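Results of the structural survey
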Amino acid sequence: MDQGVDLAALYVDDVIYWVPADRPTGQVEEAPVEAVDSVYIPNVTTPWLIVGQISDLEKSRLSLIFSAPPMVLPATSWSVLDPVEIQVSLTEFVEKTNATRYIFLGEHSFAGLEAQEVVGLGDSKVYYFPRFISTLTDDEKPLKMAFWNALKSLM
């Protein structure tokens, strides 16, 4: 009976060993360990960041909201980021980007996001609203007001 290599034995102390096909199983060589590059963090240059899969309709609604007093945020003060570009934890993302106000719109799976609550992370404030503004109906005026009041508290 042919005795194969115990694959579990090749994984020792978080190092994977490689057995070349042309060598006997008694001669095991350690595979070179490559340094892992740091994870990509998007460059955010605006003080406000909207995170979500934002359509053009949603952008136009946000522009209206941000232009109403007391907000009056010019388009150069906020930017939009698709959540798939965030490859780190929420805390690390907030620590390593330049924005100070974060609004997460739509469904998100980031740990630490509390729906409809303004949360402080360091010097930054994070707000998560699980809906898109463009999907709110006239019958959902309390939700619209909750969103507006949260934005004012971010100021």
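Scroll up to find the structure.
Report on the accompanying structure. In this text the structure is predicted, and so the values were computed from the model without any measurement.

Next up on the list: the packing of helix 1 (residues 56-66) against helix 3 (residues 141-154). Two elements in contact, helix 1 and helix 3, have axes whose closest approach is 12 Å; the angle formed by their N-to-C orientations is 60°. Relative to helix 3, the element helix 1 is oriented oblique. In this structure, the crossing between helix 1 and helix 3 has a hand that is right-handed. Contact with helix 1, carried on its side by L62, I65 and F66, involves F147, W148 and L151 of helix 3 and no other residues of that element. Its residues assigned to classes, the contact of helix 1 with helix 3 comprises 6 nonpolar, no polar and no charged.

Quick look at the sheet that holds strand 7 (residues 118-121) now. Here we have 5 strands laid out as an open sheet, ordered 5-4-6-8-7, and mixed in their pairing. Each edge of the sheet is formed by a strand with only one pairing partner; in this case those strands are strand 5 (78-81) and strand 7. Pairs of neighbouring strands in the sheet enclose a mean axial angle of 20°, with direction left out of account. The sheet contacts of helix 1 involve strand 4 (48-51), strand 5 and strand 6 (101-105), and relative to strand 5 the element is tilted by about 155°. Relative to strand 8 (residues 124-129), helix 3 is tilted by about 170°, and along the sheet it contacts strand 4, strand 6, strand 7 and strand 8.

With 14 residues, helix 3 extends 20 Å between its outermost C-alpha atoms, agreeing within 8% with the 20 Å of an ideal straight helix rising 1.5 Å per residue. Along helix 3, the positions that sit buried rather than exposed are F147, W148, A150, L151 and L154. The buried residues of helix 3 occupy an angular sector of 160° when projected down its axis, which confines them to one face. Exposed positions of helix 3 whose direction lies more than 90 degrees from the buried face are K141 and P142. Residues of helix 3 that are buried make contact with strand 4, helix 1, strand 6, strand 7 and strand 8.

Here the structure, examined in full by the defined rule, presents 3 salt bridges. Between K96 and E92 there is a salt bridge, and its shortest N-O distance comes to 2.9 Å. A residue pair is termed a helical-turn pair when its members lie 3 or 4 positions apart in one helix, as K96 and E92 do in helix 2 (residues 90-96) at 4 residues. R131 is the partner of E140 in a salt bridge, and the nearest nitrogen-oxygen pair spans 2.8 Å.

What counts and what doesn't
Residues numbered from 1 in each chain as written. Predicted model: local features only at pLDDT ≥ 70, side-chain atom pairs only at ≥ 80, totals over all residues. Heavy atoms only, no water. Axes fitted to C-alpha atoms, helices over the stretch in contact; angles between N-to-C directions. Helix = DSSP H or I, 4+ residues; strand = E, 2+ residues; numbered from the N terminus. Parallel < 35°, antiparallel > 145°, perpendicular 65-115°, else oblique. Left-handed = near helix turned anticlockwise from the far one by under 90°. Contact = heavy atoms within 4.5 Å. Nonpolar A, V, L, I, M, F, W, Y, C, P; charged D, E, K, R; others polar. Pairing = 2+ DSSP bridges. Expected span 1.5 Å × (residues − 1). Buried < 20%, exposed > 50% of the residue type's maximum accessible area, 1.4 Å probe, protein only. Arc of directions from axis to C-beta. Salt bridge = Lys/Arg side-chain N within 4 Å of Asp/Glu carboxyl O.

This is a description of form; function is not addressed.
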